[in-house]
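Per-entry structural report
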Amino acid sequence: MTAATGTLAEVRAWARTGTRLVLEAVAGLDETGFSADSALPGWTRKHLAAHVAANADALGNLVHWAATGVETPMYASPEERAAGIAKGPALSADELRDWLAASARTLDEALDALTEEQWDHEVVTVQGRTVPATELPWMRSRETCVHAVDFGTGVSFAGLPEGFLSVLAEEIRAKRGLTGLPDGPLPEVTAWLAGRPHSLADAPGLGPWL
């Protein structure tokens, strides 16, 4: 089991689903469409694509750490993380699609190669949390699934795996310190918790999460 999520196989399946949804979300975008605003304030779809692709590269660093024992942070510095996002607009639509696909594939293959012992090795996230490598697929699931929606090309929370939504909703509820949740369909409640557009009536506004 991974921490408070599900079996490793389940979580890795969610990450792969998220990757597929991201690639589908950008598949038909031309340069104008890719340069348009995403659902995240201040970010175009190119910024968002660069962020998702760079995240796979960064998580790959943690997989290398778990596999070798050589300390390899996600990012060398906060500036490096920001630079990865900022270079999105300078890349073409095809370059971004290639980066998204290649980085996701490389990460998945690196995770495949971890031994049972290496999955238990601890690494440190960009937030400074020490976690076992088993948590990395969950981190990737959140990035791909939630941001697939943020591209604003038709993916919605209703199209995300139900198990993923249940775990994500509970995680955000706990981190936000909420004691109760409004009544509503799970996808809409999760969207509300994540600070994304939703159809819930009379739900208080929450800032963006992730």
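Thresholds, definitions, all that
Residues numbered from 1 in each chain as written. Predicted model: local features only at pLDDT ≥ 70, side-chain atom pairs only at ≥ 80, totals over all residues. Heavy atoms only, no water. Helix = DSSP H or I, 4+ residues; strand = E, 2+ residues; numbered from the N terminus. Contact = heavy atoms within 4.5 Å. Areas by Shrake-Rupley, 256 points an atom, 1.4 Å probe, with all protein chains shown as cover. Lys, Arg positive; Asp, Glu negative; His and termini not counted. Charge placed at Lys NZ, Arg CZ, Asp CG, Glu CD. Phe/Tyr/Trp six-rings, centres within 6.5 Å; stacked < 30°, edge-to-face > 60°. Buried < 20%, exposed > 50% of the residue type's maximum accessible area, 1.4 Å probe, protein only. Expected span 1.5 Å × (residues − 1). Axes fitted to C-alpha atoms, helices over the stretch in contact; angles between N-to-C directions. Parallel < 35°, antiparallel > 145°, perpendicular 65-115°, else oblique. Nonpolar A, V, L, I, M, F, W, Y, C, P; charged D, E, K, R; others polar.

Our next topic: the overall build of the chain. Within the chain, the secondary structure is distributed over 9 helices and 2 strands. Taken along the three principal axes of its C-alpha coordinates, the chain extends 50 × 40 × 30 Å. Looking at the chain alone, contacts between residues at least 24 apart form 58% of all its contacts between residues at least 6 apart. Put simply, the chain shows about 9,800 Å² of open surface, and 53% of that area lies on carbon and sulfur atoms. Where the 16 positive side-chain charges of the chain centre and where its 28 negative ones centre are 3 Å apart.

Secondary-structure assignment places Ala58 in helix α3 (residues 45-68). Note: C-alpha distance between Ala58 and Tyr75 (17 residues apart in sequence) is 6.2 Å. Dropping the residues within four chain positions of it, Ala58 is found in contact with Met74 and Tyr75.

It is worth spelling out the packing of aromatic side chains at this point. Under the counting rule described, the total for this entry stands at 3 aromatic pairs. With 6.0 Å between their ring centres and 70° between their planes, Trp14 and Trp138 make a pair best called edge-to-face. Taken together, the positions of Trp14 in helix α1 (residues 8-27) and Trp138 in helix α7 (residues 136-150) put the pair 124 residues apart, joining distant regions of the chain. According to the relative accessible area criterion, Trp14 is buried, its value standing at 11%. Ring geometry for Trp14 against Phe164: centres 6.2 Å apart, planes inclined by 75°, an arrangement best described as edge-to-face. Remark: Phe164 occurs in helix α8 (residues 162-176) and Trp14 occurs in helix α1; sequence separation between them is 150 residues.

This paragraph deals with α8. The end-to-end C-alpha separation of α8 is 21 Å, in line with the 21 Å expected for 15 residues at 1.5 Å each. Three or more residues of α8 are buried, namely Phe164, Leu165, Val167, Leu168, Ala169, Glu171, Ile172 and Arg173. Here the buried face of α8 lies against α1, α7 and α9 (186-193). Gly177 lies just past α8 and shows a positive phi near 70°.

When two helices pack together, their arrangement is given by the angle between the helix axes and by the axis-to-axis distance. One way to put it is that α7 packs onto α8 with a least axis distance of 12 Å and a crossing angle of 100°. Compared by their axis directions, α7 and α8 come out roughly perpendicular. From α7, Trp138, Ser141, Arg142, Cys145 and Val146 reach across to α8, where they touch Phe164, Val167, Leu168, Glu171 and Lys175. Of the residues in the contact of α7 with α8, the class split is 6 nonpolar, 1 polar and 3 charged.

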